Amino acid sequence: MAESTPALSQTAFVQQLNFWARDASNESAALLGAFALGMFAHLPDEGASAPISLESLAQRIGGTERGTRSVIEPLVGLGFVRLEEGRGYSLPASSDFLRHEGFAARMREALDGWLVSAKLPEALRTGAPVEWRGGSRDLLGWYRQEFLAPRAPAPSPTAADYEDRAVRNFLRTQALVTSGTVGLLEAMVSGPRLLAELAKATGTQPEALRVLLGVLASMGLVRQEGDAFGFSELAGRSLDATSLPYFQRALPATMDYWEAFAHLDEAVTQRTFRLDLRDPETAKRIYQQNASRITGIFVSHLKLGRKAAELVASMRPLKDARVLDVGTGSGVWGAAFGLADPSVHVTYLDSEHVLAQVKPNIAKLKLEGRARYWAGDCLSVDYGESQYDVILLPQVIPALPPEELPRLFGQLARALRPQGLLLVSGYLLTDRRDGPLDALYFALRRYVSNEGDVLSMPDFRRLLEPVGLTSSRGFEMPIQQVVVASRGDVPWPSP
Ligand SMILES: C[S@@+](CC[C@H](N)C(=O)[O-])C[C@H]1O[C@@H](n2cnc3c(N)ncnc32)[C@H](O)[C@@H]1O
């Protein structure tokens, strides 16, 4: 037992680190966005009167239903808002502080600083207040006040928790991303160094850098020994010379969403998206970055795809199967099915520029003889009738406009042969759509960039049953969940 304890806390630390690198800012965006939308004024007290339906709440705040839902679902998942199934939302007594003017003012002030916080690299280089909209803002002073100075007590532990997540989480994300940008993480990889040395290596002012190091210390990443600063033991074990570049590669994607999150309320009420992935040029840029990251995790996803292929093979033989991989990305899912049986033939469908990155991956696995590359838009190509035994939709639904899904599912169902299976992978929400939290944060990012939705099993059934795929189940896999659907009775594997 004694030996497994450090390993456990190491895992928890890595999870925490990944949370700060990305989802912590999504959490802040939802908690601050709810204030910008004036949501809490419309939520009845729990138990006092009937809960408010999503439709009415959206109407009251002047927002779309999807946008309103994207913001409120994480609040339900965190327990700050109550969801009464089939009826609607209310505010529990423990969340009463959300209606206090002083608390609301503090939240508005934090949201006002969201975009300013992206100037942290500049503040570190100059050590001075940053220019902001014709004036100046003391960004380092703000960080000092939030992380290094004694804090006024919050009205309740729940209020303190809300405040920490709303105000400090996005500042933590920004501190971590900036540590990557200025080269601080890299500078500490080889061991503790003096403040002056770190400042020189990162091109920053020592006293400004001391603030950032203090913030990282409060997050458990950094430890001071005398005049030297270095990684804490857990950080040192999590971020070594091999893993650090991989960790840092994910950080710029967080910043792609920064501006959009500052204007989340605008997306909900006006349907204007600062990062609009329905714009072809923006989508091309983001998906290309994405494809190279996906290629980076090819090996772990190949394992996952192979497990999914085993699941399918336990339900129907894969011999001579024709498989279609829709939105193939790196090609990893189709490849996993190609490897599962030497007679399987796979069609890889994605846009032309993404397919260029697929071909070398398929060649490396010696699968090109059984591969067809199909460059096209999965929403407008003609899939034909009774063409495929297995159709894969791995992590694609969140990239597609929700209003297109009924038609797409209809086309895919028609393209399946008798006994054919449709396999969807990615995040799967709970039936109540109140978790898991990381899936809700993922869904919020999809929303704010005008992309697709993340679905629950009941949501899937509403799409699958009308097109004749009357039998479907969700399966828990490492990293992701998988939904398998078919026409009528199929021999489901025992759980
Ligand atoms: C998140 S990636 C998933 C990649 C891969 N399936 C995986 O699981 O690793 C989504 C993929 O869907 C593709 N995609 C998005 N919209 C598409 C469309 N309308 N037609 C074809 N491909 C599309 C993107 O190019 C991207 O490669």
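Source: prediction; values computed, not measured. (Residues numbered from 1 in each chain as written. Predicted model: local features only at pLDDT ≥ 70, side-chain atom pairs only at ≥ 80, totals over all residues. Heavy atoms only, no water.)

Trainee: How should the overall build of the chain be read in this particular structure?
Mentor: Looking only at helices and strands, the chain features 22 helices and 14 strands. Computed over the C-alpha atoms, the radius of gyration of the chain is 24 Å, within 12% of the 23 Å expected from 2.2 N^0.38 for a compact globule of 495 residues. Each of the three principal axes of the chain carries a C-alpha extent, and together these read 65 × 60 × 55 Å. Considering the chain as a whole, with its 495 residues, one finds that 54% of them fall into the buried category. Of the accessible surface of the chain, which amounts to about 21,400 Å², a share of 52% is contributed by carbon and sulfur atoms. The distance from the centre of the 52 positive side-chain charges to the centre of the 57 negative ones in the chain is 4 Å. (Helix = DSSP H or I, 4+ residues; strand = E, 2+ residues; numbered from the N terminus. Rg over C-alpha atoms; globule rule 2.2 N^0.38 Å. Buried < 20%, exposed > 50% of the residue type's maximum accessible area, 1.4 Å probe, protein only. Areas by Shrake-Rupley, 256 points an atom, 1.4 Å probe, with all protein chains shown as cover. Lys, Arg positive; Asp, Glu negative; His and termini not counted. Charge placed at Lys NZ, Arg CZ, Asp CG, Glu CD.)

Trainee: It is not clear to me how the nonpolar core should be interpreted in this structure. Could you clarify?
Mentor: One recurring pattern in soluble globular proteins: nonpolar side chains tend to sit buried together. If you look at the biggest cluster of nonpolar residues, it comprises 99 residues, and the most contacted ones within it are Phe40, Tyr89, Trp114, Tyr162 and Leu221. Among the elements that make up this core, the one with the highest residue count is helix 1 (residues 4-36) (eleven residues). Two domains share this core, each providing at least three of its residues, namely domain 1 (13-275) and domain 2 (288-486). Setting aside its immediate chain neighbours within four residues, Tyr89 contacts Leu43, Pro44, Pro51, Ile52, Leu54, Leu57, Ile72, Val76, Val81, Arg82 and Leu83. Grouped together as the second largest cluster of nonpolar side chains are 34 residues, Leu302, Leu318, Ala321 and Val490 included. (Core = buried A, V, L, I, M, F, W, Y, C linked by side-chain atoms within 4.5 Å. Domains from an automatic or database assignment. Contact = heavy atoms within 4.5 Å.)

Trainee: Could you clarify how one ought to interpret the sheet that holds strand 6 (residues 222-225) in this entry?
Mentor: The three strands lie next to each other as 5-7-6, forming an open sheet whose pairing is antiparallel. The outermost strands of the open sheet, each flanked by one partner alone, are strand 5 (193-194) and strand 6. The sheet contact formed by strand 6 and strand 7 (residues 228-231) spans four bridges and is antiparallel. The residue bridging Glu225 from the neighbouring strand is Ala228, located in strand 7. (Pairing = 2+ DSSP bridges.)

Trainee: Any chance you could explain the UniProt feature "domain: Methyltransferase" (unreviewed entry) in the chain here in plain terms?
Mentor: The feature "domain: Methyltransferase" (unreviewed entry), as given by UniProt, occupies residues 323-420 in the numbering adopted here. Structurally, residues 323-420 is divided into 34% helix and 28% strand, and its ends, taken at the C-alpha atoms, are 10 Å apart. (UniProt positions renumbered as here; feature names shortened; annotations may be inferred.)

Trainee: When you look at helix 19 (residues 352-364) in this model, what are you seeing that I'm missing?
Mentor: Since the α-helix packs 3.6 residues into each turn, any two residues three or four apart lie on the same face. The largest bend in helix 19 comes to about 25°, at Val358, with the proline Pro360 one to four residues further on. Listed as buried for helix 19 are Val354, Leu355, Val358, Asn361 and Ile362. In the stretch just after helix 19, Lys366 is the one whose phi turns positive, near 55°. (Bend = angle between axes of the 7 residues up to and from the residue.)

Trainee: Hey, could you run me through the pairing of strand 7 in this one?
Mentor: As judged from the two bridges shared by strand 5 and strand 7, these two strands associate in the antiparallel manner. Within strand 7, the position partnered with Leu194 by the bridge is Ala228. The antiparallel pairing of strand 6 with strand 7 creates a hairpin that spans two residues between the two strands, and Gly226 there sits at a positive phi of about 65°.

Trainee: Teacher, can you tell me more about the site of the ligand here?
Mentor: Within the structure, the ligand sits among 16 residues, and Gly327, Asp350, Asp377, Cys378 and Pro394 are positioned closest to it. The backbone of Cys378 places a nitrogen or oxygen atom 2.8 Å from a nitrogen atom of the ligand. One nitrogen or oxygen atom from the main chain of Pro394 is found 2.8 Å from a nitrogen atom belonging to the ligand. Burial of the ligand by the protein amounts to 90% of the accessible area it has alone, namely 590 Å². Of all the secondary-structure elements, those providing two or more residues to the shell around the ligand are helix 16 (280-296) and helix 18 (332-340). (Near = heavy atom within 4 Å. Polar contact = N/O pair within 3.5 Å; in protein donor to acceptor, adjacent residues only side chain to side chain.)

Trainee: Got a minute to help me understand the sheet that holds strand 10 (residues 371-375) in this structure?
Mentor: Within a sheet, neighbouring strands are paired by backbone hydrogen bonds and run either parallel or antiparallel to one another. Taken together, seven strands build an open sheet; the order of strands is 10-9-8-11-12-14-13 and the sheet is mixed. The sheet is open, and its two edges are formed by strand 10 and strand 13 (471-476), each paired on a single side. The sheet shows a mean angle of 20° between the axes of neighbouring strands, direction not considered. With six bridges connecting them, strand 12 (residues 416-426) and strand 14 (residues 481-486) associate as antiparallel partners. Along strand 14, the bridge assignment pairs Leu423 with Val484. (Axes fitted to C-alpha atoms, helices over the stretch in contact; angles between N-to-C directions.)

Trainee: Help me out: how do you make sense of the pattern of salt bridges in this one?
Mentor: Throughout the structure, instances matching the rule amount to 39 salt bridges. Here Glu84 ties to Arg87 by a salt bridge, and the two come within 2.5 Å at their closest N and O atoms. With a relative accessible area of 35%, Glu84 lands in the partly exposed category. For Asp256, the salt bridge is made with Arg285, and the minimal N-O distance between the two is 3.9 Å. Of this pair, Asp256 sits in helix 13 (residues 251-256) while Arg285 is found in helix 16, placing the two residues 29 residues apart along the sequence. Beyond isolated ion pairs, a larger network of salt bridges with shared partners links Arg66, Arg69, Glu73, Arg433, Asp453, Asp459 and Arg462. (Salt bridge = Lys/Arg side-chain N within 4 Å of Asp/Glu carboxyl O.)

Trainee: Help me out: how do you make sense of the domain arrangement of the chain in this one?
Mentor: Interface size, as often reported, equals the accessible area lost upon joining of the parts. Per the domain assignment, the segments of the chain are domain 1 (13-275) and domain 2 (288-486). Using C-alpha coordinates to define each centre, domain 1 is positioned 33 Å away from domain 2. Taken together, the contact between domain 1 and domain 2 spans 33 residues of the former and 25 residues of the latter. Summing the contributions of domain 1 and of domain 2, the shared interface buries around 2,600 Å²; its carbon and sulfur component is 57%. In this structure, the connection of domain 1 to domain 2 is made through five salt bridges. Of the charged contacts, one joins Arg433 and Glu73 as a salt bridge, the two residues approaching to 2.7 Å between their closest N and O atoms. Summed over the shared surface of domain 1 and domain 2, the number is eleven residue pairs in polar contact (both at pLDDT 80 or more). Among the secondary structure elements, those contributing two or more residues to the side of domain 1 that touches domain 2 are helix 1, helix 3 (65-78), helix 12 (243-249), helix 13, helix 14 (258-262) and helix 15 (264-270). The element contributing the most residues to the side of domain 1 that touches domain 2 is helix 3, with ten residues. When the residues that make up the side of domain 1 that touches domain 2 are grouped by side-chain class, the tally is 19 nonpolar, five polar and nine charged. (Buried area = accessible area lost by both parts, 1.4 Å probe. Nonpolar A, V, L, I, M, F, W, Y, C, P; charged D, E, K, R; others polar.)

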